[in-house]
Amino acid sequence: MEITFVQAPRQNAFFGEIVEAIRDELRRAGVDSSVSHSGFPPPRRGMVYALVPPHEWFALHARRHPPTTGQLQRTVGICAEQPGTSFFEDDVTLAASIGAVMDINAAGVRELGRRGVRATHFPLGWTPSWSHWSPDASEGDGHEPARDVDVLHLGIHSDRRAAILAESARHLARWRCHLNLGDDHGPNFRPQANYVTGAAKWELLRRSRTLLNIHVGDRPYFEWTRVVQAICNGCVVVSEHSSHFEPLVAGHHFVSARPEALALLAQPILEVESRRASMARDAWHLLKEQLPLRDSVARLIEAAHDLDRHPVFTGVTVSIPLQSPAAPLDSEDDDRDEFERATSYPHLPGDHETSVVRHALKATQLEVIGLRRELARSRLEALDGETATSIRVAHESPAYRAARPRVSVLVSLFNYDRHVRAALDSCAASSLTDIELVVVDDGSSDRSRQVVREWSEAKPAVPLLLLAHPCNRGLSAARNSALDFARAELAFILDADNCLYPAGLERLVAALDQDPEVAFAYGMLEVLNAGRSVGLRSFYPWRPARLRTGNYIDAMALWRTRSLRELGGYTDDLRLYGWEDYDLWCRAAEREVEGVLVPEIVARYRSTGHSMLAVTNISWKAAVSLLVDRHPKLMANVQPPP
């Protein structure tokens, strides 16, 4: 007997991990297996096929190598998708043509049965190829790595996951986290900075104390693949409430909670290592003794023998319509990702007539901004006799002159008297103490400058320099002025309405210290709207090609001061009003400057109507065209919107 696993070249890597674990158990059972990436081999007696899962191969590869009815009748389909998704619906459709159907989750088996599909449960469980930890080993003894990651998250990005992580940020901030959010635009078929596979995954799980398991959608589907891999490596699972997790016992083998309580309930486990280690041991032994993968593989072997009893025939090729989108036919021949292949900038909704109106509105608003600034400059020169580009030192704290900071926190300030105190407080509370604050008040008309002075006078031990533009010159000018006065080797960009978490700067500094070739480091940001956590920003790793389809990194980043100055700081081109950050990231990519994401939530970002993007996004076509022109290497072959 031989079982041939038919896989697509660009199939999700975690399905490949399932296949390799099954093949290892087949080898132990004395059953031959193979993998085909070029479609179904000709049928013969003694060989059956397996699809893990059926829908993905059909979506990625069936148009190139369509199977025959005879081949499908000799196929076992192992389903691994959530009921209620288009992928599960595709598996239901395909089940009518496949010889035998299995599902890794009892919920899937139940739903398949309700839909008239006879399916066998194929639970994932303990297997040697996934277990790279022993409960009898001592961590840090040279054989087992110390668990230096307190909270790990593995999973593709979804708005729901991002919102739950953001809501948990205040509890996660005290722990060392590694939050991976994989790309959700298509199959993750190879390792990325935000998607680990193979040996790198096993090492990360062995280094992690807990795994935060958040459902991608609203259904309480238990993510068996992720959970089993964590337990096999001694990592305790903290999961939101799920169904069909037996024989595991919630509260004994893993922690179960509502989404809003996940991080809070993880704390007792993290605070008492003996309790965490005991739960890890109990879960590991339960899987090995009561849920070994070899039992499921035995069912697969039995199903394969049943299918092999049927006559061998070729039949005709079949084409089965699916709900999930099919991949482009050339996908396997082009090793570039979708961002590298992008040739057109994504269009925002709106018809041509509306776009013309929006463009005119933006042009008018920018003209008004320019006129106001010019009027302020003229009045300044006429009344005070100084130029608009002059900078005043408005205040210097007693600790400023003697300080030898490692990090200069550059704070741009314009009419944020209600928020700037919280921003400064967050810097003072940083676990990294050798910092200075360089605040530039960009011609505020409220009490912003007075609030900073009062704050500094109340905290004289904090090195702070308050600079003032005599009239408003714009965000870029404020940031560049602060950069001119930065004395430290590292500079962090902080807008006056945002806040740092205590360990944020320390984590970013560590990332730059670890790799001297990296010019900047940034972390994930909790997004606040009306005082409520609503999601994350800056959660994808540095990948210059991604900038071809839009900006994905906020300004809050830690730079090597020299590198930021060499790039010229922030553009003052009014046509890029509100897109200054995007232009800087494009300039860094154009010059092949390297950056790194710290996969932790390091700060809070306030999303309000005050944002400059509210003006910029009125008309975006001119800005995109300008970026394409300014960064020809990065934006090669990208067509600006008409």
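Residues numbered from 1 in each chain as written. Predicted model: local features only at pLDDT ≥ 70, side-chain atom pairs only at ≥ 80, totals over all residues. Heavy atoms only, no water.

## Re the overall build of the chain
Counting its regular elements, the chain contains 22 helices and 21 strands. For the chain, the residues scored as buried account for 58% of the 642 residues in total. Taking contacts inside the chain between residues at least 6 apart in sequence as the whole, the part at least 24 apart equals 79%. (Helix = DSSP H or I, 4+ residues; strand = E, 2+ residues; numbered from the N terminus. Buried < 20%, exposed > 50% of the residue type's maximum accessible area, 1.4 Å probe, protein only. Contact = heavy atoms within 4.5 Å.)

## Comments concerning the pattern of salt bridges
Evaluation of the coordinates by the stated rule reveals 37 salt bridges. Between R401 and E396 there is a salt bridge, and its shortest N-O distance comes to 2.6 Å. Since its relative accessible area comes to 62%, R401 is described here as exposed. Relative accessible area serves as the criterion here: at 29%, E396 is assigned to the partly exposed category. A salt bridge links E489 to R406; the nearest nitrogen and oxygen atoms lie 2.6 Å apart. One end of the pair, E489, is in the loop between α17 (475-485) and β16 (490-495); the other, R406, is in the loop between β12 (392-396) and β13 (407-413), and 83 residues separate them in sequence. We classify R406 as partly exposed; its relative accessible area is 21%. Here the salt bridges share partners, and the residues they tie into one network are E89, E111, R114 and R115. (Salt bridge = Lys/Arg side-chain N within 4 Å of Asp/Glu carboxyl O.)

## Points about the confidence of the model for the chain
When pLDDT drops low, the exact placement of atoms in the prediction is not to be read closely. In the predicted model, the chain carries a mean pLDDT of 90, and 89% of its residues have values of at least 70. Low pLDDT, under 50, characterises residues 351-358; the stretch is placed with five contacts to residues that sit more than four places away or in other chains. Ignoring residues within four places in sequence, the model shows residues 610-615, a span with pLDDT below 50, making 15 contacts including any to other chains. (pLDDT = per-residue confidence, 0-100.)

## Here we look at the sheet that holds strand β7 (residues 149-153)
Here five strands make up an open sheet; going across it, the order is β8-β7-β9-β10-β11 and the pairing parallel. Looking at the sheet topology across the chains shown, the edges are occupied by β8 (177-179) and β11 (255-257). Adjacent strand axes in the sheet meet at a mean angle of 20 degrees, parallel and antiparallel pairs treated alike. Inspection of the sheet shows strand β9 (residues 208-213) paired to strand β10 (residues 236-240) by four bridges, in the parallel sense. Directly across from L211, in β10, lies its bridge partner V237. Of the strands in this sheet, β9, β10 and β11 touch helix α11 (residues 273-290), which is tilted by about 85 degrees from β10. (Pairing = 2+ DSSP bridges. Axes fitted to C-alpha atoms, helices over the stretch in contact; angles between N-to-C directions.)

## Things to note about the side chain of S456
Among the structural elements, S456 can be located in helix α16 (residues 448-458). Accessibility expressed as a relative area gives 0% for S456, which makes it buried. Not counting residues within four places of it along the chain, the set of residues in contact with S456 comprises H395, S397 and L464.

## A look at the packing of helix α15 (residues 420-428) against α16
Where α15 meets α16, the axes come as close as 9 Å, and the angle between the chain directions of the two elements is 30 degrees. As summarised for this structure, α15 and α16 are arranged roughly parallel, according to the angle between their axes. Crossing of α15 over α16 shows right-handed handedness. Counting all contacts with α15, which are made through V420, R421, L424, D425 and A428, the residues of α16 involved are V451, V452, E454 and W455. (Parallel < 35°, antiparallel > 145°, perpendicular 65-115°, else oblique. Left-handed = near helix turned anticlockwise from the far one by under 90°.)

## Focus: the packing of aromatic side chains
Under the defined criterion, the tally for this structure stands at 19 aromatic pairs. If you follow R537 out to its NZ or CZ, it ends over the ring of Y605, 4.3 Å from the centre. Lying across the ring of Y540, R546 places its NZ or CZ 3.8 Å from the centre. (Phe/Tyr/Trp six-rings, centres within 6.5 Å; stacked < 30°, edge-to-face > 60°. Lys NZ or Arg CZ within 6 Å of the ring centre and 35° of its normal.)

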